Each structure stands twice: as C-alpha cells, then as structure tokens.
Amino acid sequence: MLATHGSAEGDRCVDIFSRPDKTFGFAQLKRDTGPWTPIGGFADLCLLTAAKALGAAKERVNWLSAVLEAAPG
C-alpha cells in the first residue's frame, strides 16, 4: 500500500497500491459495521505510475478531490 485517503465521514477510503509487475492501481473501499469491502470495481485498472493511479482515482471517486484539497500540506 502506497497511500490511503479516507472520506470525511470515515466510512470510505481509497487505497493506492503497487503490484509485483511494477504497475499501480487503486481500490475504493467502504465500511459499514464490519470489515472494509471493495466497491466500484477499480482495483483491476493497471496504471504506469502512482501519480496516474491517484489521478484515475480522483476522476472516478466523487469525494476524493475534496478530501485531497482539504488535506494540510
């Protein structure tokens, strides 16, 4: 796992990850009362850099840009 970005409500997150074949991807997960569960079907996207994975996540996960803009630094 390279990075995890959580929603303001704390019930969703986006994980940016690398694979053994040197590609990158992301997954959106949610948690109600149990374990984190993948949603959206994005984990199979293969991107060439972590930055491209984050960009693809921002395009597809509607709350992510607002979280990143509000993050300090």
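The coordinates are above.
Source: prediction; values computed, not measured.

(A) Quick peek at the packing of aromatic side chains. One pass over the full model with this rule turns up one aromatic pair. Pairing Phe26 with Phe42 gives two aromatic rings, centres 5.2 Å apart and planes at 25°, and the pair type is stacked. You can see Phe26 sitting in strand S3 (residues 24-30) and its partner Phe42 sitting in the loop between strand S4 (37-39) and helix H1 (50-60), a full 16 residues away along the chain. Judged by relative accessible area, which is 0%, Phe26 ranks as buried. A relative accessible area of 15% means that Phe42 is categorised as buried.

(B) How the structure looks around H1. Taken together, the buried positions of H1 are occupied by Ala53, Ala56 and Ala57. End-on, the buried residues of H1 take up no more than an arc of 100°, which puts them together on one face. Within H1, the exposed residues directed more than 90 degrees away from the buried face are Ala51 and Glu59. On its buried face, H1 sits against strand S2 (12-18), S3 and helix H2 (64-70).

(C) The nonpolar core, seen in detail. Formed by Val14, Ile16, Phe24, Phe26, Phe42, Leu47, Ala53, Ala56, Ala57, Val61, Trp63 and Leu64, the largest nonpolar core amounts to 12 residues. Looking at this core, the elements with two or more residues in it are S2, S3 and H1. Among the elements that make up this core, the one with the highest residue count is H1 (three residues). Excluding residues within four positions of it along the chain, Trp63 makes contact with His5, Gly6, Ser7, Arg12, Cys13, Val14 and Gln28.

Conventions we followed
Residues numbered from 1 in each chain as written. Predicted model: local features only at pLDDT ≥ 70, side-chain atom pairs only at ≥ 80, totals over all residues. Heavy atoms only, no water. Phe/Tyr/Trp six-rings, centres within 6.5 Å; stacked < 30°, edge-to-face > 60°. Helix = DSSP H or I, 4+ residues; strand = E, 2+ residues; numbered from the N terminus. Buried < 20%, exposed > 50% of the residue type's maximum accessible area, 1.4 Å probe, protein only. Arc of directions from axis to C-beta. Contact = heavy atoms within 4.5 Å. Core = buried A, V, L, I, M, F, W, Y, C linked by side-chain atoms within 4.5 Å.

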